[in-house]
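# Structural description and commentary
So you can see what is in the structure, the chains are spelled out below.
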Amino acid sequence: MRVTFTVNGRRCEADDVWEGESLLYVLRERLGLPGSKNACEQGECGSCTVRLDGTPVCACLVAAGQAEGSEVLTVEGLADFARQRSGEPEPDQLSPVQEAFNRAGAVQCGFCTPGLLVAADELLERNPLPSDAEIREALAGNLCRCTGYEKILDAVRLAARGAGEE
Amino acid sequence: MQTQPTRTRPESTPADGQHAGGVGESAARPDGTLKVTGEFAYASDLWHEDMLWAVTLRSPHAHARILAVDVGEALAHPGVQCVLTHDDLPSRTTVYGLEVADTPALAGDRVRYHGEPVALVAADHPETARSAAAKIRVEYEQLPVVHDESTALATDAPLLHPDRTDGHAAHVPHPNVVHRQPVVRGDAAAAAARADVVVTGEYEVGMQDQAFLGPESGLAVPAEDGGVELYVATQWLHADRRQIAPVLGLPEEKVRMVLSGVGGAFGGREDLSMQIHACLLALHTGRPVKMVYNREESFLGHVHRHPAVLHYEHGATADGRLTHLKCRIVLDGGAYTSSSPAVVGNAASLAAGPYEVENVDIEALALFTNNPPCGAMRGFGAVQACFAYEAQMDRLAAELGMDPVELRQRNALRQGGTMPTGQVVDSPAPVAELLGRVRERPLPPERRWDTGAGGAELRELPGGVGNTTHGEDVVRGVGYAVGIKNVGFSEGFDDYSTARVRLELVGGEPVATVHTAAAEVGQGGVTVQGQIARTELGVERVVLQPADTTVGSAGSTSASRQTYVTGGAVRNACTQVREHLLDAARRRYAATEPVWASAALQLHGGKVTTTEGRPLVGIAQLLAELHDEHPEFTVESEWRHRPTQPFDPATGQGFGHVQYSFAAHRAVVEVDTRLGLVKVVELACAQDVGKAVNPQAVLGQIHGGSTQGLGLALMEEILVGPEGTVRNPSFTDYLIPTVLDTPPMPVDVLELADDHAPYGLRGVGEAPTLSSTPAVLAAVRQATGRALRRTPLRPEHLLEV
C-alpha cells in the first residue's frame, strides 16, 4: 500500500508498504530517517519516540497506515521545529534541548537519546519550568542503560533554565 | 582515618590542563552532535543497495538431539534467497569461542540451550525472513536437562561437552565443571578456632542481563577477492575476527571489520552473536546481508551475568578483627565456556573483598548446564562475591554489636596490604576513606512525601503514582557496602593495545590523527583519546579515525581497561611522535641555536617550548619548515601494562591483577512493609579513580554502574524454568530501572594516583556496579529486619507469606 504523511514538515510518500509495517520501520527503512531507534519494538523503551500530530508516541507501536495524513516529528526535525516554534531563525543550530544534552553529558551510547530528546522537548513545550518530579514522570517511558539518568535530568533542567533566560 | 585526596599530577610534561580539551577536562564527546541529531550511524541503521535481511531460527528446547531439519518449505517461500544449516558450513572449523572454541556456529546434531541458533534465512524483507524461518521443520528429541549444581555434578549427569580437550579439562573435578580455582592462604581451620564470633550464610545472585539498548546488528558485504567486510557493533574487533575467519574458511586478512555505532555493551558484546551468520549468508548469496535482532532475540542471543550460589563463613575476634574466611562460590556458566574461566578467577581472587584476611580457604567454580550461556557483564565475578561478603560484614557487625561501617574500616585493605592471592597492593587502596565519605554525607530528609495536612507526594513514595500508600507502613533503612574490582585482563594475559598517531600540517594547522581499533561503546573512549593527543602533542585539532582492523588490536572494551590500556597506547605513540619531531628539529637547528640541543623540550599550546615555558617556535611553523624532509610524523606501536601472572591452580597464589579499583555506596531506601515495595531515596557513591581524565565521563560511568547495581538489587533477573527455557525475554517482563526507579546519586570522586598507570588513572567503569547492589539490600534489611539472602528482591521476600 501507499502511505502519505508529513515528516518534519515535508510531505512524504512511502510505496509498497506491507500492512504489518510499523511507522518506525517506514521512517527508518523507507524514508531514510534512522534517527528514531529500534531498541525493543515492543513499546517498552521509548527509543523510537516521535510526535504524531503533536503527541509523543512509540513509533514501533503505530501501524504505518495509522499515520496516513498525519504530521510526524522525529529527532531529525527537532532543531528546525524548535527554531520555528521560538520564531528565532538561526540556521544550523541545535535545539536548546539537543544542546543541553550535549553539554550536560547526557549522551553516552546515545541509543536512547533521540527518543528522550523528542519527549523532553515536548515536556518543555507544555511545561517550560518543570519540577524534578515532573521531569521524571514525563521521561518515565524512556529507558536509558548508560547514564543512570542523572545527567539527563541535568540536561532537561539546563534546557529549561536556558529557555527561561531568553 | 581521613586523608585529603591528592590531585594526581601527570608523570611528565606537559602540565595538566594547559590545553583546551586536554587530559583532566570534561571535553565534549566528538560524536555528541551526531548523536543528538539522529545522524550517528548505529549498526542497525546501516543500509546497502540490494541488501538482504536475515534472521536466525533458534532452538525452543534447552537440550535436545536434532534428528532432522527440513528447509524445503522455507526455501520455497516467495522472497527468500537463502537458508543455511549446519550442513552448509563451509569450513572444517564449525565452532568458535572467546577462550575455548566450543560453541557451534549453527547447531549440528545437538542443541544445548534454549535459543541456540539452528538455521539462518535471508530474504528481501525482515518479515519475509521471519515467516520463512517459521516454516523450517526441525525434528528434536528432547534430552534430560542439567540445570543446577546437583544435576550437573551427579555421577550419571549428561555431559555438556563429553569430548572436551580445553586447558581446564584436566584439573576439574567433574567434566561439567568449566573451571575451578581455589585460593588458599594461612590456615583457615586453625584460625576459626580463635574466632569469638563465626557467621555463615548462603547467598544467591540471579541471572542479570546487560540489556544494552542497541540490539545486536551488523551488515556483511561480500568482497571481490572472496573475502567479506563486516560492519558491526562489538567490543573487540580483532577477537571477533580471530573467531569468525576459521568458520568462514578464510584467512583473517580477508575478513575486514569496521566498528559501527554501538548502542551500549556492558560485556554482552564480547561473545559473537550475528557476526558469523551474516558473513556466511553474504558469502553464500553474493549480496550484502543485514541482521538486526529484535529484543526477544537479543535476550536469547547473548550471554548473561553468571547466577551464583555463594557459601560464606567469616570469623572475627571480639574486637572486630577478621580471623578467617571460608567460602565456596558456584557460578552457573550455562551451555558453553564463554568467559567463565576468567569469571571464576575473579570470583576466587576477589572473594574476600577489600579486606585483609590472613587465613582464607576459597573455592570458586563454574558449571556447564543447559541454562543460557553466561559470560561477561560489568564487574563479572566480583559482583557476585561482593553481594555475599558485604551481607556477611553486616551480619558479623550485628553479632559483634559493632557499627557495620566501623567493622569494615577496621579490616579495610590499605596500600601495602596483601590480597588472599599473596599479591601486595602497591597503589592506593582508600577503602576506609571511601566508606567514611559516604557515611559523612548528610542523610536526605525524612518523609519527603509529606505535603502536610495528610497529603502525600505520591512520586516520592514506594509504589509511586500507583497510589499504593500515602506514607503509612513506610519504613526507612540505610545500608553501606564497598567493593573491589580488578582492572584489565588478568592472570598472565598479554593485555596490550595499539595506536597509530600522525602529526602533520593540514591547511596551515597542526593536526594529530589518532587511529585505534578500540570499540567506543558509549563510555567515551573516543573523547579521552582526543584529550590525550591534545595534551601530549600540544595541538588543538585531533582527528579520530574509525575503529577497524586495518590497525593493530586494541584489546577489548571491557574490564574497565580501555582508558588505561588504549589511553596508554595513544599516549605512548604520541610521545614517540613528539620525540621524532623534536629530534628532527634538533638536527636542523641545534648547530645554530644552542637552545635546541636541550633534551627537555615540550609541545605546549601549539608551540615548542623549553621546560621553563619559553616558546621557541609554533608547531605549525616547525612542521612547515621540516616538511621537505618530513611531510608527516607517524608512529604505530603497541603498548602493554606490566605483566601479570597466572594463579597457582592449587593455591591461587600469584600476581594476578594489574590494578584494583574501589567504590563504596550508601543506599537510603523507603519500604512499604505492607506491600513489599521499595523506593531507593538516594544512592551515594565514593570512588577513587586515580585521575579523572574526563570528570564528566567519570560521573557518567559511576551513575550508570550504580544504576545497574540497583537493577540487580530490585528488579533485574532472567528467569529460567527447570526445563531450561527463558521465561521473560522482553522489556515487558525483564525490568531495568527507569528514571522513576533511579534516585539522586551524589558522587565523591577521589584522585589518588596509581603510579604504575598512565596519568595515575584507575579503571572506572565496573567498581560502582559492585557495591550498589549490597548497599541497597543492606538498607532494605535494616528497614525490614529480614535476612534477604537473595538478589534481586521481590515483594514476596519482604512480606509474611
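Residues numbered from 1 in each chain as written. Chains lettered and ligands numbered in written order. Predicted model: local features only at pLDDT ≥ 70, side-chain atom pairs only at ≥ 80, totals over all residues. Heavy atoms only, no water.

### Observations concerning the overall build of chain B
If you tally the helices and strands in chain B, you get 17 helices and 33 strands. Since a compact globule built from 801 residues should have a radius of gyration of about 28 Å, the 27 Å found for chain B is in line with a globular shape. Projecting the C-alpha coordinates of chain B onto the three principal axes gives extents of approximately 85 × 75 × 65 Å. Looking at the 801 residues of chain B, the share that counts as buried comes to 64%. (Helix = DSSP H or I, 4+ residues; strand = E, 2+ residues; numbered from the N terminus. Rg over C-alpha atoms; globule rule 2.2 N^0.38 Å. Buried < 20%, exposed > 50% of the residue type's maximum accessible area, 1.4 Å probe, protein only.)

### Focus: the domain arrangement of chain A
Residues and elements named next belong to chain A. Here chain A is partitioned into domain 1 (3–76) and domain 2 (87–165). Taken over C-alpha atoms, the centre of domain 1 sits 21 Å from the centre of domain 2. Taken together, the 15 residues of domain 1 in the interface contact 14 residues of domain 2. In this assembly, domain 1 packs against domain 2 so that about 1,100 Å² is buried in total across both faces, 62% of it on carbon and sulfur atoms. Contact with domain 2 buries area across many residues of domain 1, yet Thr49, Arg51 and Val75 alone supply 42% of it, more than any other trio. At the junction of domain 1 and domain 2, the tally comes to two salt bridges. The salt bridge partner of glutamate 125 is arginine 51, with a shortest N-O separation of 2.9 Å. Inspection of the domain 1/domain 2 interface yields five residue pairs in polar contact (both at pLDDT 80 or more). (Domains from an automatic or database assignment. Contact = heavy atoms within 4.5 Å. Buried area = accessible area lost by both parts, 1.4 Å probe. Salt bridge = Lys/Arg side-chain N within 4 Å of Asp/Glu carboxyl O. Polar contact = N/O pair within 3.5 Å; in protein donor to acceptor, adjacent residues only side chain to side chain.)

### Details of the packing of helix α14 (residues 562–589) of chain B against helix α15 (residues 619–626) of chain B
Residue and element names in this part refer to chain B. The interhelical angle for the contact between α14 and α15, taken along N-to-C directions, is 65 degrees, at an axis separation of 11 Å. On the basis of their axis angle, the class for α14 and α15 is roughly perpendicular. Our pair here, α14 against α15, has a crossing hand that is left-handed. Residues Leu581, Ala584, Ala585, Arg588 and Tyr589 of α14 touch α15, and the partners they reach there are Leu622, Leu623, Glu625 and Leu626. Residues that form the contact of α14 with α15 fall into these classes: seven nonpolar, no polar and two charged. (Axes fitted to C-alpha atoms, helices over the stretch in contact; angles between N-to-C directions. Parallel < 35°, antiparallel > 145°, perpendicular 65-115°, else oblique. Left-handed = near helix turned anticlockwise from the far one by under 90°. Nonpolar A, V, L, I, M, F, W, Y, C, P; charged D, E, K, R; others polar.)

### Points about the pairing of strand β10 (residues 197–205) of chain B
All names here are of chain B. On β10, burial follows the alternation: Val197, Val199, Gly201, Tyr203 and Val205 on one face are buried, whereas Val198, Thr200, Glu202 and Glu204 on the facing-out side are not. Here β10 runs beside strand β16 (residues 308–316); their pairing, made up of nine bridges, is antiparallel. Each bridged residue has a counterpart across the sheet, and for valine 205 the counterpart in β16 is alanine 308. Pairing geometry for β10 and strand β33 (residues 790–791), over two bridges, is parallel. (Pairing = 2+ DSSP bridges.)

### Things to note about the environment of valine 36 of chain B
Along the polypeptide, valine 36 of chain B turns up in helix α1 (residues 32–37). Setting aside anything within four residues of it in sequence, one finds valine 36 of chain B in contact with Val75, Leu94, Gln98, Phe101, Asn102, Val107, Thr113 and Leu117 of chain A.

### So, helix α10 (residues 382–400) of chain B
Residues and elements named next belong to chain B. For α10, which comprises 19 residues, the first-to-last C-alpha distance of 26 Å matches the rise-based estimate of 27 Å (1.5 Å per residue) to within 8%. Counting buried residues along α10, 16 of its 19 residues qualify, which places the element largely inside the surrounding structure. Remark: glycine 401 follows α10 within two positions and exhibits a positive phi of approximately 65 degrees. (Expected span 1.5 Å × (residues − 1).)

### Examining helix α2 (residues 78–86) of chain A
Residue and element names in this part refer to chain A. By the burial criterion, the buried members of α2 are Leu78, Ala79, Ala82 and Arg83. Taken end-on, α2 shows its buried residues confined to a sector of 135 degrees, consistent with a single buried face. For α2, the secondary structure elements touched by its buried residues are β5 (71–73), α3 (96–104) and α4 (113–126). One or two residues past the end of α2 sits glycine 87, with phi positive at roughly 70 degrees. (Arc of directions from axis to C-beta.)

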